[in-house]
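Inside the fold
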Amino acid sequence: MNSKQRRNIDHSEEEGPPHHNRDRFKRDRRTSREGRDRERDRERDRDHERDSYIDRRKRDSSVNSEDRDRRYKRRRSLSPRRTAENGDHYIPNYEKDGYVPGPRYGRPGEMRFPPPYPVMPMGFNVPPPQMMPPGGPLLPMDWSGPPNREPPKDPTELDFLVTFKYFVDYIITQNKVHPDDDELHKLYTKYKEEFGLRQLRTFFEAHRNEEWFLEKYHPVHMSKRGEETNLLKKQLHAKFISDLKAGKFDNICHEESDNKEETKADGPETKSEIEDEGNRLFIKSVPPTIQREKIVNMCKMVEGFKYLALSEPNPSKKFHRLGWIVFEEGTNMDSAFDQLNEQKVDDFIFYLARHKQTGPIRNRIAPEITNHSDRISKDKQRLEEIIKKLDKDLSTNGFRKLKERLGHISNEKKPEFIQKSLDMYLEYARRVHLFCYYCGSDSDSIEEFARKCPGRHLRKKGDGPKNQKEKQAQAQWLKTLEHKIDIKLDPSPTLAKVHKLGGKNLDSERDNFLDINTIEMDPGVKFRCAICGKLFKGQEYVRKHIGLKHADKVKNLENEVNFLNNYVIDPHHLLPTTPPNPTASLNTAPNVSPIPPNPFTVLANGPPPPFLPFNFPAILGAAAGTPHDQIPRIGFDPRIDPRDNRNHRSPPEKRRPSPRARPSEFNMTSDPRQVKSYIDLDAPAEGDIEIKY
């Protein structure tokens, strides 16, 4: 091809169709524009790096040399990277764990305002929230200290005894004038007395219909139970007099032995209280609502049944009691156990066991002061009075038999006669009347008495209290013992002031009953009996009529008053139990929250921000302008600042707990990466293990 032809071909290609030329022009222009854009981006990046370098230089110049050196001396951690081969590496799953990270906040001095209204995801049709007018009231956030405490509650409205400090706090909040210390102590003493009376009434009303309470305090049930107990005591009296004549108690001694093992071991006197333990079945639990008669009827199914003994109720076991079923000698105990075990009474199944002594009996020890000569003489005189009173109620002559035996084995002029007399009186009171002088209590069965005061109650040897604390403790013990013995000898002086103890005066209650049931129809002329409606000419005739014709109602009133008074004057009565230090729970506000409600003061009635779900509680974050060190961190403890405790942490025992609570205590969503608690389920239990049947 010659040159002319080649020129013609090139010319024809350049001057092709119009659309080919237009496409080529567009490609050239696009390439040129992209090049200019890339060059402009490079220049902008260079300017940004130059400005950033200038800013860093300015910030570094404002930082002291020590902080700058510490910053540049930091090195990267040498910890090996965890992989699936060399260790566990936790990657949080925010959707599965339910953790929503909190918002980011600026540095100290910076302020970032939220948008006018949150930007919601696609698909939500939420109207714009109502905007608060400029200058309107704001709800500031205060993170500078603990939340305000709730004012102390009225101690008279609480069901437990508050501490003196709590009582003083309440008095100060109610009175503008601060009372002096003497006045505060008087008010607190009066409060404690009133609280004790309320406790008695509360416990009485809660348990007045239970079987054990009726047997112990109600006059009608007490007399019926007393007759059964007297039959048992008469049998014990006959056996004691027989052993007394045989000289079994001539060398009895209720003084602590120098040999500790001998004091702990079983003696012949102890074993004779329950001679044959093989003829008894043990009831593991008896509910307080089941009557004794129903259990007795169940036991009568077995031939040879003798009597049923029940213990005092246990407040820590819902006032359940223990029981012993006693049979005559020679009864087939295996057959009795098979017949009575797992029997049901009032939908309660009774579980039995063979009664046996599990270990050595430990005698109880009275304080050293009971072994002084003057105290021995006084206890001897008081115990003589008690024995005479108990013998009179039992219609026996045990005290006279004791005096005869003491005159036969000892001389009244000898120094040891008083102590020997006291020891023999103590043994007689324990074996016949089931009464322990040093405990000041009695029982209605041998089994219950052996459980309450096993073995013997001995006097401790010694020179006396070693310090002031022991001296005060022994003085208080003697004071309590004197009070118990006074009530045992004559309860009438105590009944005279029973109103102060929480009871009722019988004469006053009887007069009030007569006045209520006497209606004056015509002043001074005609009166009516409110019970039957009969008319009388005088008020005294109505009162006499009620006493004669309605004696049953008057008797019921007297029984109710004596029912309460018997419980009140009992020195061993039970009271409601309270948890340890219950006032500790009163020192915190009822609805304490680590983050105050409505922290976004710019919005009102608006939806939650996009970083929180719709079902999240009204806890959003810090308001605009909140100081950096007071901004709460959701999922982390706001009480600990690692910058302050980096190099001078105090020991754990000296750290004071902050009143602010952790978010987890208020069911807030927390960081799943926090350390979880660990409980070793295979660790051995601490303390004694109680087997529950």
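Time to look at the overall build of the protein chain. Summing up its helical and strand segments, the protein chain has 22 helices and 15 strands in all. The buried share of the protein chain, taken over its 693 residues, is 32%. Long-range contacts, defined as pairs at least 24 residues apart, comprise 70% of the intrachain contacts of the protein chain with a sequence gap of at least 6. Carbon and sulfur atoms form 50% of the exposed surface of the protein chain, whose accessible area is close to 47000 Å².

Read across the sheet, 4 strands follow the order β3-β4-β2-β7 without closing on themselves; strand pairing throughout is antiparallel. For this open sheet the edge positions go to β3 (305-310) and β7 (352-354), each flanked by a neighbour on one side alone. Between one strand and the next, the sheet's axes are offset by a mean angle of 25°, whatever the strand orientation. Two elements, strand β2 (residues 280-286) and strand β4 (residues 321-327), share 5 bridges in a ladder whose sense is antiparallel.

It is worth spelling out the nonpolar core at this point. In summary, soluble globular proteins display a tendency toward joint burial of nonpolar side chains. With 28 residues, the main nonpolar core has Phe240, Leu383 and Tyr437 as its most contacted residues. Among the elements of the structure, α8 (219-245), α13 (373-394), α14 (398-409), α15 (416-431) and α17 (468-489) are those that each provide at least two residues to this core. Broken down by element, this core gets its largest block of residues, 7 residues, from α15. Excluding anything up to four places from it in sequence, Tyr437 contacts Arg375, Asp379, Arg382, Leu383, Ile386, Leu426, Leu481 and Ile485. Of all hydrophobic cores here, the second largest spans 20 residues; its members include Ile283, Phe305, Ile325 and Met333.

This brings us to unusual backbone geometry. One can expect most non-glycine residues to show negative phi and most peptide bonds to be in trans. Positive phi values are uncommon outside glycine, yet Lys318 reaches one of about 60°. Along the chain, the position of Lys318 falls in the loop between β3 and β4. Phi is positive for Asp346, close to 55°, though the residue is something other than glycine. Considering the arrangement of structural elements, one finds Asp346 in the loop between β5 (343-345) and β6 (348-350).

Moving on: the sheet that holds strand β14 (residues 535-536). The 3 strands lie next to each other as β12-β13-β14, forming an open sheet whose pairing is antiparallel. Each of the sheet's edge strands pairs with one partner strand only, and the pair in question is β12 (518-522) and β14. Note: β12 against strand β13 (residues 526-529), 4 bridges, orientation antiparallel. The residue bridging Thr518 from the neighbouring strand is Cys529, located in β13.

Here we take up the environment of Pro287. Inspection of the secondary structure assignment puts Pro287 in the loop between β2 and α11 (292-299). In sequence terms Pro287 and His320 are 33 residues apart; their C-alpha atoms lie 4.8 Å from each other. With residues up to four places along the chain from it excluded, the contact list for Pro287 reads His320 and Phe348.

As a further point, take the packing of α14 against α15. Across the interface, α14 lies against α15 with an axial gap of 11 Å and an inter-helix angle of 145°. In this structure, the crossing between α14 and α15 has a hand that is right-handed. Every residue of α15 that contacts α14 at Gly398, Phe399, Leu402, Lys403, Leu406 and Ile409 is listed here: Phe417, Lys420, Ser421, Met424, Tyr425 and Tyr428. Of the residues belonging to the contact of α14 with α15, the class tally is 8 nonpolar, 2 polar and 2 charged.

With that settled, consider the pairing of β2. Bridge count for β2 against β7 is 3 bridges, and the pairing is antiparallel. Considered in β7, the bridge of Ile283 is made with Leu352.

Residue placement: Arg405 occurs in helix α14. Looking at Arg405, the relative accessible area reads 17%, which means it is buried. Apart from the residues lying within four places of it in its own chain, the contact partners of Arg405 are Leu244, Lys245, Gly247 and Asp250.

Our next topic: a positive patch on the surface. Taken together, the side chains of Arg27, Arg30, Arg33 and Arg36 make up a positively charged region of the molecular surface. Within the element layout of this structure, Arg30 appears in helix α2 (residues 18-62).

We now examine the side chain of Arg430. Within the element layout of this structure, Arg430 appears in helix α15. Here the side chain of Arg430 touches Cys453 through a polar contact of 3.0 Å, landing on its backbone oxygen.

Once that is clear, we can look at the environment of Glu404. With respect to the element layout, Glu404 can be found in helix α14. Classification of Glu404 by relative accessible area gives partly exposed; the value is 45%. A C-alpha to C-alpha distance of 10.0 Å links Glu404 and Lys245, two positions 159 residues apart in sequence.

Together, Asp180, Asp181, Asp182 and Glu183 line one region of the surface with negative charge. Looking at where Asp181 falls in the secondary structure, it is placed in helix α6 (residues 181-207).

Attention now goes to the pattern of salt bridges. Opposite charge on two side chains lets them pair, provided their charged atoms get close. Scanning the model with the defined rule gives 33 salt bridges in all. Taking the shortest distance from any N to any O, the salt bridge between Glu427 and Arg431 comes out at 2.6 Å. Of this pair, Glu427 and Arg431 are both found in helix α15, 4 residues apart, which corresponds to roughly one turn of the helix. Here the two residues Glu427 and Arg431 agree in accessibility, since each one is buried. Residues Asp507 and Arg510 are paired through a salt bridge, measuring 3.1 Å at the closest nitrogen-oxygen approach. With a gap of 3 residues between them, Asp507 and Arg510 both fall in helix α20 (residues 506-516), about one helical turn apart. We classify Asp507 as partly exposed; its relative accessible area is 46%.

What follows deals with helix α12 (residues 333-340). Quick reminder: α-helices carry 3.6 residues per turn. Residues three or four places apart thus point the same way. Buried residues of α12: Met333, Ala336 and Leu340, and no others. Angular distribution of buried residues about the axis of α12 spans 60°; they occupy a single face of the element. Looking at the packing, one finds that the buried side of α12 touches β2, α11, β4, β5, β6 and β7. Taking the backbone nitrogen of Asp334 as reference, a side-chain oxygen 3.3 Å away marks Asn332 as the first, capping residue of α12. One or two steps after α12, the chain reaches Glu342, where phi turns positive at roughly 65°.

Time to look at the confidence of the model for the protein chain. In the predicted model, the protein chain carries a mean pLDDT of 75, and the fraction of residues at 70 or more is 62%. No element of the protein chain has a lower mean pLDDT than strand β15 (residues 603-604), which averages 38, and none a higher one than strand β9 (residues 435-436), which averages 96. When the criterion is pLDDT under 50, residues 631-650 qualifies, and its contacts beyond four places in sequence or with other chains add up to 26 contacts.

What counts, and where the lines are drawn
Residues numbered from 1 in each chain as written. Predicted model: local features only at pLDDT ≥ 70, side-chain atom pairs only at ≥ 80, totals over all residues. Heavy atoms only, no water. Helix = DSSP H or I, 4+ residues; strand = E, 2+ residues; numbered from the N terminus. Buried < 20%, exposed > 50% of the residue type's maximum accessible area, 1.4 Å probe, protein only. Contact = heavy atoms within 4.5 Å. Areas by Shrake-Rupley, 256 points an atom, 1.4 Å probe, with all protein chains shown as cover. Pairing = 2+ DSSP bridges. Axes fitted to C-alpha atoms, helices over the stretch in contact; angles between N-to-C directions. Core = buried A, V, L, I, M, F, W, Y, C linked by side-chain atoms within 4.5 Å. Left-handed = near helix turned anticlockwise from the far one by under 90°. Nonpolar A, V, L, I, M, F, W, Y, C, P; charged D, E, K, R; others polar. Patch = residues over 30% accessible without salt bridge, like charges linked within 9 Å, V, L, I, M, F, W, Y side chains within 5 Å. Salt bridge = Lys/Arg side-chain N within 4 Å of Asp/Glu carboxyl O. Lys, Arg positive; Asp, Glu negative; His and termini not counted. Charge placed at Lys NZ, Arg CZ, Asp CG, Glu CD. Polar contact = N/O pair within 3.5 Å; in protein donor to acceptor, adjacent residues only side chain to side chain. Arc of directions from axis to C-beta. pLDDT = per-residue confidence, 0-100.

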